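Each chain, written out:
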Amino acid sequence: MKCVKIWTTTPGGDHDYFSKRWYEYTGLTAELCLGSGWQKGYHPDDIGAVNEKWKQSIATGDGYSAEYRFRRSDGEHRWMLGRAVPLKDPETGKVLKWYGTATDIHDMVEARTAEKATREQLTEALTHAELTLWAVDRDRRFTLLEGGIIWQTRDNPGYYIGKDIKDIFDEIDPNDKYHHQFLEPIEPLLRGEISEGFTETELDGHWFKTKYVTMKKGPSGKNDAKNVTGIIGLSMDMTKMHATELELRERERQNRILLANENAAKEASKLKSDFLASMSHEIRTPIAGVVGMCEILLDTALSSEQRELTEGIQRSANALLTVINDILDLSKVESGKLDIEEVQFNLSLVIQDVVKMLSFEAERKKLQFKYEIDFPCPSDLTVMGDPGRVRQILANLLGNALKFTHEGSVELKARVKHQDEEMMEIHFVVNDTGIGILETDQCRLFQPFTQADSSTARRFGGTGLGLSICQKLVTLMGGTIGLSSKAGEGTSAYFSIPFKNITKHSSTHTTNFDSIPERLQSDTSLTSPSKTHKLPTIPPTTPSKHLLPDIESRRKRHVLIVDDNEINQQIAIRLIQKLHFTVSAVCNGLECLSFIKSTSLLPSSFDTTSSNPPYLRRPDIILMDVQMPEMDGYAATRAIRGEGGWLKELPIVALTASAIKGDREKCRDAGMDDYLSKPVNGRVLEKMLVKWCFKDGVCKEEGGVKRRGRCKGIKRGGNGARSFLRHFADIVFLDRTGGLEH
C-alpha cells in the first residue's frame with residue numbers, strides 16, 4: 001500500500017489541486033481533473049456510492065473515507081482508499097478547505113476478498129458437514145466460532161465471541177444434565193496436563209463427538225510447549241450416525257440370533273443328513289454283498305428249487321435296497337445334493353416299462369390295469385430329461401395305487417398339456433378305485449414318513465416316503481404335483497413336468513455314453529441323436545470291435561482291489577476273475593500303499609521282455625473303496641499321486657456304497673480317475689476295466705501285445721533277482737479267495 005496523490009477542494013467540494021503523483025498515476029491533465037472532471041476515472045459501479053458519501057461529508061463537515069476503484073494510466077481499475085478532513089474556522093466552525101489523500105490498496109483488497117471467499121467456503125463446508133470449529137483462550141472465552149453452531153441459543157455467531165464457554169452452557173443446560181461431560185477436558189488441557197482430548201456426549205437432544213487440541217505460544221508469538229494460550233475444538237454432530245449405530249447394533253443382535261438359529265438348523269439338518277447318509281452307506285454295504293453273492297450264485301449250476309430260493313433272496317435284497325435308496329434320496333434332497341440329469345430318452349418307452357413291470361402285481365390282485373397315452377407319436381415320444389426320475393415317480397404313484405386297491409381298476413393317463421418350440425409339458429394322471437383318503441389327512445401326505453393314519457403302515461407296509469420324494473423330484477424338474485381323493489371311492493394323483501423338445505436340442509445334446517450318469521447307463525429308454533435308435537450296448541469310448549481285448553490280453557492286466565469288507569472284496573474278486581483279469585486285494589489304504597511300494601521295482605504289464613506272470617507285475621488299475629479304517633481311499637489316493645512317476649498316471653477308480661451327489665467331485669479332487677457305486681453291475685464293471693486297462697486300445701501282434709499311447713513311457717527290462725520275486729510273492733500276494741488266476 002502506497003500514497004499516490006494529495007488533493008484539496010473548496011468548501012463546496014470542487015477540487016482545486018492535485019499533486020504531481022496524481023497526474024502520473026492517472027495519466028490525466030489538470031484541465032480534465034480540476035472541478036469535478038476527475039470523477040471520470042471512477043469505476044461505473046462505484047461512482048454513485050462514493051458521491052453519496054462525499055456529499056454527506058460536505059453537508060455535515062464530517063471526515064470522509066471511501067473505498068472505490070479508479071482507472072490507472074494503463075487503463076486498469078484498481079482499488080483506492082480515499083480520505084479527506086476539513087480545515088475549519090476556529091471561531092465559526094465553518095469549513096475553509098478540504099485536504100485529502102488517495103491510496104492504492106488494490107493488493108490488500110484482493111487478499112481480503114480471497115480470504116473472505118475462503119472463509120465462506122470453510123463455513124459452508126463445516127456447516128454442510130455438521131461440524132463446528134471453535135476456540136477459547138486461557139479464560140475460556142470464545143475467540144473463534146465457525147460452522148454449524150451446536151448450541152442454538154442465538155442466530156448470530158458473533159454473539160458468542162468473548163463470552164465464557166461455561167456461561168453459554170449454563171444458559172443451554174441450567175441443570176447440568178450433560179454439559180459437564182463436554183467441558184470436562186478443558187481444564188486439564190488449559191493446565192497443560194494433557195495435549196488433546198476426546199468426548200462423545202449429548203447436547204440439547206443431539207449427540208456430538210469433539211476433539212480438543214491445545215494452542216501453545218510464547219510472548220514472541222512462536223510455539224512454546226510450556227505455554228498454553230487456548231484450546232481449539234472440532235465438534236461433529238453424530239446424531240444420525242448415533243441413531244444408525246444403535247439401529248445397526250440392534251440389527252446385528254437380531255442377525256446374531258437369526259444366524260445362531262440358522263446355524264443350529266443347518267447343523268441339525270447336516271447331522272440328520274450325515275446320519276442318514278452314513279446309515280444308508282452302512283446298510284447298503286451288506287446289501288451289496290447279498291445282491292452280489294446272489295448274482296454270482298445264479299451264474300452257477302443250480303437246481304430249480306435252489307434257483308427259486310436264490311431269486312427270492314435277491315428280490316428281498318433289492319426291495320430292502322429300494323427302501324434304503326428312498327431314505328438316501330430324501331437325505332440328498334434336503335441337503336441339496338440330489339442330481340437331475342438332462343439326457344435324450346424315449347418317454348413312451350419309460351411309461352411302457354413301468355406299466356409292464358407293475359402289471360404282474362395287478363394280475364396277481366386281479367385288477368384291471370389300463371394305460372392311455374395321448375402323444376403325437378404314442379410309441380416313440382423322445383424328449384430331453386431324466387428318465388430315471390420319471391420312472392421313479394411313475395413307479396411310486398402306480399405302486400401306491402396298486403397297493404391300496406383291492407378290487408376295481410388302476411389307470412394311467414399321459415397327454416401333452418402344452419407345447420411350444422422350446423418345451424413340451426406332459427401331464428400324468430394315476431386313477432384308482434382303492435380305499436381313498438380322508439380330506440383331513442390329505443394335507444399331510446406329502447410330508448416325509450407320513451401316511452394317512454398309523455394303521456396304514458401296519459396293514460399295507462411302506463415308509464411314508466414315496467409321495468414326499470415324488471413331490472421333491474417333480475419340483476426339482478420344474479413341475480407340479482397334486483392329489484384328490486374320497487374315502488371309500490378312490491384316489492387321483494396327478495403331476496405335470498416340462499421337458500425340452502428334442503427337435504430344438506438334438507443338435508447340441510448328442511448322447512455320449514461316458515457323459516451319462518452311472519445310474520442311467522443301463523436305462524433302456526435312452527436314445528441316440530437319430531431319435532430312432534437306442535444307444536449301443538458298448539459305449540463309444542470302448543475300443544472298436546477289432547481292437548476289443550481278448551481273454552489272453554485281459555489276463556495280462558493286473559487289477560488291485562482295496563476294500564475293507566471281506567464279502568464285497570470276494571464278490572469283486574470273483575466278478576473280475578470271471579471277466580478274465582488278474583486280481584489282487586488288500587484291506588485298507590495303508591496296505592494299498594505297502595502293496596504299491598512293494599511293486600515299484602516290478603515290470604509293467606506292457607513289458608514284453610519280462611517273463612514275470614501278471615500277478616508279479618505292477619497293477620494296471622486300482623478299485624479303491626473310500627470309507628475304510630486306518631486310512632481311507634481319499635488319503636491313500638493323495639499319497640499315491642504324491643509319489644509321482646508311474647503312480648501319477650495309474651488309473652484309480654472309486655468303489656463305494658455311498659451315492660450322494662458331490663462324492664464324485666470329492667473323489668476327483670483326491671486324484672481318482674473314475675467312480676463306481678455299489679452294488680456293482682458286472683457289465684458296468686467290465687466297461688470300466690476295459691476303459692482304463694486298455695485306454696488307448698490294443699491289437700494282437702506276434703510275440704505279445706503292441707504297446708500304444710500311455711504305455712510308450714514304460715521302460716523295457718525286468719529288474720530284480722529271482723530270489724526277490726519269490727520272497728515278494730510269498731509275503732505280498734496272498735490268495736485271499738483260494739482261486740486267484742495265476
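Structure first, text after, so check above.
What you see is a predicted model, and the numbers here were worked out from it, not measured in a lab. (Residues numbered from 1 in each chain as written. Predicted model: local features only at pLDDT ≥ 70, side-chain atom pairs only at ≥ 80, totals over all residues. Heavy atoms only, no water.)

Asker: Just checking my understanding: could you explain the overall build of the chain for this structure?
Answerer: Along its length, the chain carries 22 helices and 24 strands. Every one of the 742 residues in the chain was classed for burial, and the buried ones make up 43%. For the chain, contacts bridging at least 24 residues in sequence account for 62% of all contacts bridging at least 6. Approximately 39,400 Å² of the chain is accessible, and the part contributed by carbon and sulfur atoms is 52%. (Helix = DSSP H or I, 4+ residues; strand = E, 2+ residues; numbered from the N terminus. Buried < 20%, exposed > 50% of the residue type's maximum accessible area, 1.4 Å probe, protein only. Contact = heavy atoms within 4.5 Å. Areas by Shrake-Rupley, 256 points an atom, 1.4 Å probe, with all protein chains shown as cover.)

Asker: What is the right way to read the packing of aromatic side chains from this model?
Answerer: The description of two aromatic rings rests on the distance between their centres and on the angle between their planes. Counted by the stated rule, this structure contains 14 aromatic pairs. Arranged with centres 4.8 Å apart and planes meeting at 20 degrees, the rings of F18 and W22 form a pair that is stacked. The class of W22 is buried, set by a relative accessible area of 2%. Measuring from centroid to centroid gives 6.4 Å for F581 and F694, while their planes differ by 50 degrees, and the two rings are tilted. Of this pair, F581 sits in the loop between α17 (566-578) and β19 (582-586) while F694 sits in the loop between α21 (682-693) and β23 (700-701), placing them 113 residues apart in sequence. Like F694, F581 is buried. Here the aromatic residues F18, W22, Y23, Y42, Y68 and F70 are joined through ring pairs into a cluster of three or more. Positioned above the aromatic ring of F606 is the side chain of R557, whose terminal nitrogen or guanidinium carbon lies 4.3 Å from the ring centre. A cation over a ring is seen here: R618 above W646, with NZ or CZ 4.8 Å from the ring centre. (Phe/Tyr/Trp six-rings, centres within 6.5 Å; stacked < 30°, edge-to-face > 60°. Lys NZ or Arg CZ within 6 Å of the ring centre and 35° of its normal.)

Asker: Explain unusual backbone geometry here, please?
Answerer: Peptide bonds are mostly trans, and most non-glycine residues show a negative phi. Positive phi outside glycine occurs at K366, with the angle close to 55 degrees. Secondary-structure assignment places K366 in the loop between α10 (347-364) and β12 (368-374). A positive phi is found at E630, a non-glycine position, where the angle reads about 70 degrees. Along the polypeptide, E630 turns up in the loop between β20 (621-624) and α19 (633-643). Under the relative-accessibility criterion, E630 is labelled exposed at 68%.

Asker: What should I look at first to understand helix α20 (residues 663-670) in this one?
Answerer: Since the α-helix packs 3.6 residues into each turn, any two residues three or four apart lie on the same face. Where α20 is concerned, the buried positions are D663, C667 and A670. End-on, the buried residues of α20 take up no more than an arc of 60 degrees, which puts them together on one face. Against α19, β21 (652-656) and β22 (674-677) lie the buried residues of α20. Where α20 ends, the next residue or the one after it, G671, has phi of about 115 degrees, a positive value. (Arc of directions from axis to C-beta.)

Asker: Quick question: what am I supposed to make of the pattern of salt bridges here?
Answerer: A side chain with one charge can pair with a side chain of the opposite charge if their charged atoms come near. In this structure the tally under the stated criterion is 25 salt bridges. For E245, the salt bridge identified is with R249, shortest N-O distance 2.5 Å. Pair noted here: E245 and R249 are both in helix α8 (residues 239-298), with a separation of four residues, about one helical turn. Judged by its relative accessible area of 48%, R249 is partly exposed. If you follow the salt bridges from partner to partner, you end up with R72, D74, E76, R78, D104 and D107 in one network. (Salt bridge = Lys/Arg side-chain N within 4 Å of Asp/Glu carboxyl O.)

Asker: Explain the pairing of strand β4 (residues 77-88) here, please?
Answerer: In summary, the side chains of a regular strand alternate between the two faces of the sheet. The pairing of strand β3 (residues 64-71) with β4 spans eight bridges and is classified as antiparallel. From the neighbouring strand, F70 faces β4, where its bridge partner is R78. Between the antiparallel neighbours β3 and β4 lie five residues, among them G75 with a positive phi of about 95 degrees. (Pairing = 2+ DSSP bridges.)

Asker: What exactly am I supposed to notice about α10 here?
Answerer: For α10, with 18 residues, the first-to-last C-alpha span of 27 Å sits near the 26 Å given by 1.5 Å per residue. Of all the bends in α10, the greatest measures close to 35 degrees and is centred on L358. By the burial criterion, the buried members of α10 are L347, S348, L349, V350, I351, V354, V355, L358 and A362. Where α10 ends, the next residue or the one after it, K366, has phi of about 55 degrees, a positive value. (Expected span 1.5 Å × (residues − 1). Bend = angle between axes of the 7 residues up to and from the residue.)

Asker: Help me out: how do you make sense of empty space enclosed by the protein in this one?
Answerer: Over the atoms a probe the size of a water molecule is rolled, and this reveals where empty space is left. For the coordinates displayed, the defined rule picks out three cavities of 30 Å³ or more. By volume, the largest cavity is sized at about 150 Å³. N568, I571, A572, K678 and V680 are, among the 14 residues lining the largest cavity, the residues nearest its centre. Of all the elements in the fold, those that place two or more residues in the lining of the largest cavity are α8 and α17. Of all the elements, α17 adds the most residues to the lining of the largest cavity, at four residues. For the lining of the largest cavity, the residue count by class is nine nonpolar, two polar and three charged. Quantified by volume, the second largest cavity comes out at close to 80 Å³. Forming the boundary of the second largest cavity are K5, W7, H15, F18, W38, Y42, V50, W54, Y64 and Y68. Elements represented by at least two residues in the lining of the second largest cavity include exactly β1 (2-9), β2 (15-18), α3 (47-60) and β3. Considered class by class, the residues forming the lining of the second largest cavity number eight nonpolar, one polar and one charged. (1 Å grid on protein atoms, 1.4 Å probe; cavity = no way out; pocket = protein on both sides within 12 Å on 5 of 7 lines; lining within 4 Å. Points joined across faces, edges and corners; volume = space filled by probe spheres on them. Nonpolar A, V, L, I, M, F, W, Y, C, P; charged D, E, K, R; others polar.)

Asker: Hey, could you run me through the packing of helix α18 (residues 589-599) against α19 in this one?
Answerer: Relative orientation of the contacting elements α18 and α19 amounts to 20 degrees, with a least axis distance of 9 Å. Considered as vectors, α18 and α19 are oriented roughly parallel to each other. For the element pair α18 and α19, the recorded crossing hand is right-handed. Touching G589, C592, L593 and I596 of α18 are A636, A639 and I640, all from α19. (Axes fitted to C-alpha atoms, helices over the stretch in contact; angles between N-to-C directions. Parallel < 35°, antiparallel > 145°, perpendicular 65-115°, else oblique. Left-handed = near helix turned anticlockwise from the far one by under 90°.)

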